[in-house]
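As a plain string of letters, each chain reads:
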Amino acid sequence: MGRVLIKNVDWLITVDAGRTIYRHGAVGIADDRLEFVGKAEDLPPDYQADEVIDGSGHIALPGFIDTHVHNTQHLGRGLGDGCDMPVLLLERLYAYESVMTAEDAYWAARLCQLELIRSGTTCFLDPSSYYPDETARATGDSGMRGFVSRTAFDIQNTKIGKLPRRPLFRESTEEALDRAEETVVTYKNAHGGRVRAWLSIRIPVGCSDALCKGIRRLADKHKVGIVTHCCESHDQSVGSRRTSGLTDIERMEALDVLGPDMVMIQMGWANPNEIALAQKRGFKISYTPTTGYRIALGDATFGHFPEFAALGVTVALGGNAAMSSNHLDLVRVMGLGAGMMRSTRISPFIFPPEQMIEMATINGAVAVGMQDEIGSLEVGKKADLVLFDTRTSEWCPVHNPLSNLVHSSRGGANYVFVDGRLLMREGEITAFSEEETIREGQMRGLAIAERSGLDRIHRPHWSVR
Ligand SMILES: [Zn+2]
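Definitions and limits used
Along each chain, numbering runs from 1 in the same order as the chain's sequence is written. Only residues with pLDDT of at least 70 are given local features in this predicted model, and only at 80 or more are side-chain atom pairs given and counted; all residues enter the totals for whole chains, interfaces and linings. To obtain the side-chain values, all non-hydrogen atoms of the structure were included, while hydrogens and water were left out. Comment: elements are numbered from the N terminus, with helices defined as DSSP H or I runs of at least four residues and strands as E runs of at least two. Relative accessibility decides the category of a residue: with a 1.4 Å probe and only protein chains considered, values under 20% of the type maximum give buried, values over 50% give exposed, and everything between is partly exposed. Contact between two residues is taken to exist if any of their heavy atoms lie within 4.5 Å; hydrogens are not considered. Residue exposure ignores everything except the shown protein chains as possible cover, and the areas themselves are Shrake-Rupley values with a 1.4 Å probe. For this count, His and the chain ends are skipped, Lys and Arg are scored as positive, and Asp and Glu as negative. One atom stands in for each charge, and that atom is NZ of Lys, CZ of Arg, CG of Asp or CD of Glu. Only N, O and S atoms count as donors, using a 2.8 Å cut-off from the metal and 3.2 Å for Na, K and Ca, and because water is excluded some sites may appear unfinished. Only centres within 6.5 Å qualify two rings of Phe, Tyr or Trp (six-membered ring in Trp) as a pair; their planes then separate them into stacked at under 30 degrees, edge-to-face at over 60, and tilted for everything else. Put simply, a charge is over a ring when the Lys NZ or the Arg CZ is close to the ring centre, within 6 Å, and near the line of the ring normal, within 35 degrees. The salt bridge criterion pairs a side-chain nitrogen of Lys or Arg with a carboxyl oxygen of Asp or Glu, the two atoms within 4 Å. Polar contacts here mean pairs of N or O atoms no more than 3.5 Å apart (in protein, one a potential hydrogen donor and the other a potential acceptor; neighbouring residues in sequence count only if both atoms are side-chain atoms). For the purposes of this section, nonpolar cores are sets of buried Ala, Val, Leu, Ile, Met, Phe, Trp, Tyr and Cys residues that join through side-chain atoms within 4.5 Å. Throughout, the edges of the domains are those of an automatic or database domain assignment. Whether two strands pair depends on DSSP finding at least two bridges between them. Whether a crossover is right-handed depends on one test, that the path from the first strand over the helix to the second runs clockwise when the strands point away from the viewer. Orientation is described by axes fitted as lines to C-alpha atoms, over the contacting stretch for helices, and by angles from 0 to 180 degrees between their N-to-C directions. Two parts placed together each lose some accessible area under a 1.4 Å probe, and the buried area is that loss summed for both.

**Q** How would you sum up the overall build of the protein chain? Please name residues and give values.
**A** Scanning the protein chain from terminus to terminus reveals 16 helices and 20 strands. Each principal axis of the C-alpha distribution contributes one length, and for the protein chain these read about 65 × 50 × 50 Å. Across the 465 residues in the protein chain, those meeting the buried criterion constitute 63%. Excluding contacts between residues fewer than 6 apart, the proportion of contacts in the protein chain whose partners are at least 24 apart in sequence is 73%. Approximately 17600 Å² of the protein chain is accessible, and the part contributed by carbon and sulfur atoms is 49%. Of the side chains in the protein chain, 50 bear a positive and 60 a negative charge, and the two mean positions are spaced by 5 Å.

Right, dumping it as C-alpha cells:
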C-alpha cells in the first residue's frame, strides 16, 4: 500500500501511555502500520510519502472500538420500539432473525458497517448471530476490523419466554457447540487478521450449563474470547434466578466459566457479589448506555459503571443495534454515557471526556485483547485512526478538543483508516458503494418487516396519507 503522510493535524490525540496530545502533529503510515507519530516539526525532512493528506482543522485519534455491535440486526431499525425487553428479544428480534435470508444478513452487516465507518469506528465485537459467515464477508468487503461469533442456544423454553419455532433456534447442545467451533476455526485469522471469531453465550438464560461449560472449553482450546450479555435487565436477572437459583455472573462463577478473556455486555443489573467477581476474575465490561436510554433497562439508576472503573475493571463502550439502541455512533454514546451516570449521581465530576475517550479506544482494545496492536496511536501499532473536521459551528471554538468531541460535536468522521487503508476520504466512503448499500438495506428491511409481520406493529401512530 505504500506510505501515507497526514500533516498539519491541529490536535493529534494519541491515547498512548502518557496520554500525549501533539499540537500541529503528523502521522506517517507505512503499509498497515504507524511509522511516525509526533509533532510535524520532528518529522525527518527527507520523509517520502506516496500520498499526503492535509490534516489542517482536524483532530486525529485512534479509531473507535465498539464492543457491542449486532451487525445482522441492522435491517430491523426501530422494530424493537415500544416494548419491554422480553418482548423485544423473543417476539421482535428473534422473529426478525428467523425470517431473514443469508443475503439479507450480508446487506444488514454492510449497512451496519457503513454506519460504523461514518461515525469513526474501526473495529467491532459482534455478540453473535446465526450468520457469522455473512458478517465476516461484509467485513472483508468493507475493510473494517471485526470479531464475529455464532449464536449458541440450546434452551428453547427459557424462563423469560419461548424462542421461535424455527430450525435455527432448535439446536442441541452438541450442534450449537460444533457450529460455534466451526466459526472460530474458519475465522482464526481471516483477511490478514482483520476478521477474527470469538465464542458467544448470547444470553445466558437461553444456554444450558453444559453449553456454557462447552463454550469455555472451546475458548481455552482455541485461545479466543467469549462475549455475553450479562445482568442486562431486571427481567433477565429474575429469569436467571428462576433457571438456576443464581444471577448471570454468579451462575457462570459456579460453572467455572469466568475469565479475563470475557466481555460482559450491559451489566447494569450486576449485584454487589457480581461487582466483586468482576474485579476477582478480570472480565471486561461493555457499557452500552444507549440501550438503557432507549428501552428503559434501569441501568442509569442501578448500573455501577463508574464504580467498576474505579475498581480497575476495564470498561469499554458499546453501541448495540439498530433494533435496540437504534444507532451505533460512539460519539453520541460517549456523551450519553457520561451524562447518564453524572445525572443519576448528581455529580459533574464522573466520567470526564478523557475517560470516555479511553473507553472508546484503548479500553476497547484491551477488551478484545488487542491492546498491543490497536487502541492508541504509537509507532509500530496498526494504522487504525480517524480524523474529525473541527471547522464547523458546533466545534467552534476549540479550547479542549476532548470536551468538544464528547459533548459538543455531532460526530461523523471525515477520514477513516483501518490497517493503513483509507475507508473514508473527506466524508466519502471509498471502500464500497454507499448508494448500493442503502438501496439494498431499504428494500430488504421493508421485505423482512413484511415477512415477519412486524410491519403491522411498527408504523407511525399518526395518520399517514
Ligand atoms: Zn446486544
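**Q** So, the coordination of the zinc ion: which residues are in play, and what are the values?
**A** Protein-derived ligands of the zinc ion are His68 (NE2), His70 (NE2) and His229 (NE2), with the metal-ligand distances lying across 2.0 to 2.1 Å. Along the chain, the residues that donate to the zinc ion are spaced as H-x1-H-x158-H. Of this pair, His70 sits in the loop between β6 (64-66) and α1 (85-99) while His229 is found in strand β13 (residues 226-230), placing the two residues 159 residues apart along the sequence. With a relative accessible area of 5%, His70 lands in the buried category. Residue His229 is classed as buried on the basis of its relative accessible area of 5%.

**Q** Run through the packing of aromatic side chains, naming residues and quoting values.
**A** As enumerated under the stated definition, the model contains eight aromatic pairs in all. Each ring, one from Phe64 and one from Phe388, has its centre 6.0 Å from the other, and the planes form 40°; the classification is tilted. One end of the pair, Phe64, is in strand β6; the other, Phe388, is in strand β17 (residues 385-389), with 324 residues separating them in the sequence. The interplanar angle of 25° and the centroid separation of 4.2 Å between the aromatic rings of Tyr287 and Phe305 together place this pair among those described as stacked. Residue Tyr287 is located in strand β15 (residues 284-287), and its partner Phe305 is located in helix α11 (residues 305-310); the two are separated by 18 residues in the primary sequence. Note on Tyr287: relative accessible area 0%, which makes it buried. Here a set of aromatic residues connected by ring pairs shows up, and it is made of Tyr287, Phe305, Phe308 and Phe351. Lying over the aromatic face of Tyr47, Arg3 brings its terminal NZ or CZ to 5.0 Å of the ring centre. Across the ring face of Tyr106, the terminal group of Arg137 is positioned such that the distance to the ring centre comes to 3.9 Å.

**Q** Which residues make up the side chain of Lys284, and what values do they have?
**A** Relative to the elements of secondary structure, Lys284 occurs in strand β15. Here Lys284 sits buried without a salt bridge, and the closest side chain of opposite charge, Asp261, lies 7.6 Å off (N-O distance). Looking at Lys284, its side chain comes within polar contact range of the main-chain oxygen of Gly282, at 3.1 Å. Setting aside anything within four residues of it in sequence, one finds Lys284 in contact with Pro260, Met262, Val263, Met264, Thr314, Val366 and Ala367.

**Q** Pulling in residues and values, what's your account of the nonpolar core?
**A** Core analysis: the biggest nonpolar cluster contains 128 residues, and Met267, Phe308, Met334, Phe388 and Leu405 have the highest contact counts within it. Per-element tally for this core: the top contributor is α1, with eight residues. Composition of this core by domain shows at least three residues from each of domain 1 (3-62 + 377-429) and domain 2 (64-367). Grouped together as the second largest cluster of nonpolar side chains are 17 residues, Val4, Val27, Ile29 and Ile53 included.

**Q** Residues and numbers for the pairing of strand β14 (residues 262-266), please.
**A** Burial of β14 is extensive: five of the five residues sit out of reach of the surface. Direction of pairing for β13 relative to β14: parallel, over a ladder of five bridges. Within β14, the position partnered with His229 by the bridge is Ile265. Relative to β15, β14 runs parallel, the two being bridged by three bridges. Residue pairing for β15: Val263 is matched across the bridge by Lys284. Handedness of the β-α-β unit built from β14, helix α8 (residues 272-281) and β15 comes out right-handed.

**Q** Could you give an account of the sheet that holds strand β12 (residues 199-201), with specific residues and numbers?
**A** Strand order across the open sheet formed by five strands is β12-β13-β14-β15-β16, with parallel pairing between neighbours. Because the sheet does not close on itself, it has two edges, and the strands there are β12 and β16 (315-317). Direction aside, the axes of adjacent strands within the sheet are offset by 25° on average. Against the sheet, helix α5 (residues 209-222) touches β12, β13 and β14, its axis set at about 160° to β12.

**Q** Tell me about the sheet that holds strand β8 (residues 145-148), and please be specific about residues and values.
**A** Pairing within the open sheet is parallel, and its four strands lie in the order β6-β7-β8-β11. Of all strands in the sheet, those with a lone pairing partner are β6 and β11 (195-197), marking the two edges. Across the sheet, the mean angle separating the axes of adjacent strands is 20° when strand polarity is ignored. Sheet strands in contact with helix α3 (residues 132-142) are β7 (121-125), β8 and β11, and its direction is about 175° off that of β8.

**Q** Tell me about the pattern of salt bridges, and please be specific about residues and values.
**A** Using the criterion set out here, one finds 29 salt bridges in the structure. Among the salt bridges present, the one from Glu115 reaches Arg77, with a minimum N-O distance of 2.8 Å. Note that Glu115 is positioned in helix α2 (residues 102-119) and Arg77 in the loop between β6 and α1, a separation of 38 residues in sequence. Classification of Glu115 as buried rests on a relative accessible area of 18%.

**Q** So what's going on with the domain arrangement of the protein chain? Residues and values would help.
**A** In terms of domain boundaries, the protein chain breaks down into domain 1 (3-62 + 377-429) and domain 2 (64-367). One C-alpha centre belongs to domain 1, the other to domain 2; they are set 29 Å apart. Taken together, the contact between domain 1 and domain 2 spans 28 residues of the former and 25 residues of the latter. In total, about 2200 Å² of surface goes out of reach between domain 1 and domain 2, with carbon and sulfur atoms giving 64% of it. Applying the counting criterion to the domain 1 and domain 2 interface returns three salt bridges.

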